[in-house]
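Working through the structure, step by step
These are the residues of each chain, in order.
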Amino acid sequence: MTRLYVGNLPLQTTAEDLSMLVGRICPVEDIYFPGKGITGIHRQFAIVQVPGVGNDDPESPFKQCIKTLNAVRWKGSKLRVEVAKEFFTERLERERKED
């Protein structure tokens, strides 16, 4: 499983908007907006899950997505796109299995 971190999203961004944007370059499996907090509005970043095949290749759709969308102005915001870090809970589970 490979994920993209997409930051500095406009507040009104929906999963459908983001799926259409990323989907032009790389297939999208899932989109996760972290908790809404006390404001009821999602935070200004999302994690986009994409197929994990061939992502070490600089010409892979995953790498092209980062290269194409990072620092691009979209809906008035300059996007930040990079490889997402591993979720804390997943890291804990992996480390427990290794022990």
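Everything discussed here concerns the structure shown above.
Just so it is clear, the structure is predicted and the values come from calculations on it, not from any experiment. (Residues numbered from 1 in each chain as written. Predicted model: local features only at pLDDT ≥ 70, side-chain atom pairs only at ≥ 80, totals over all residues. Heavy atoms only, no water.)

1. Quick look at the overall build of the chain
Helix and strand counts for the chain come out as three helices and six strands. Ordering the α and β elements of the chain from the N terminus gives β-α-β-β-α-β-β-β-α. Burial analysis of the chain (99 residues in total) assigns 34% to the buried set. Taking all contacts inside the chain whose residues are at least 6 apart in sequence as the whole, residues at least 24 apart take part in 62%. Surface accessibility of the chain: about 6500 Å² in total, with carbon and sulfur atoms responsible for 52%. (Helix = DSSP H or I, 4+ residues; strand = E, 2+ residues; numbered from the N terminus. Buried < 20%, exposed > 50% of the residue type's maximum accessible area, 1.4 Å probe, protein only. Contact = heavy atoms within 4.5 Å. Areas by Shrake-Rupley, 256 points an atom, 1.4 Å probe, with all protein chains shown as cover.)

2. A word on the layout of surface pockets
The volume enclosed by the largest pocket comes to roughly 170 Å³. For the lining of the largest pocket, the secondary-structure elements that each account for two or more residues are strand 3 (45-50) and strand 6 (80-83). Tallied by class, the residues present in the lining of the largest pocket amount to eight nonpolar, no polar and four charged. (1 Å grid on protein atoms, 1.4 Å probe; cavity = no way out; pocket = protein on both sides within 12 Å on 5 of 7 lines; lining within 4 Å. Points joined across faces, edges and corners; volume = space filled by probe spheres on them. Nonpolar A, V, L, I, M, F, W, Y, C, P; charged D, E, K, R; others polar.)

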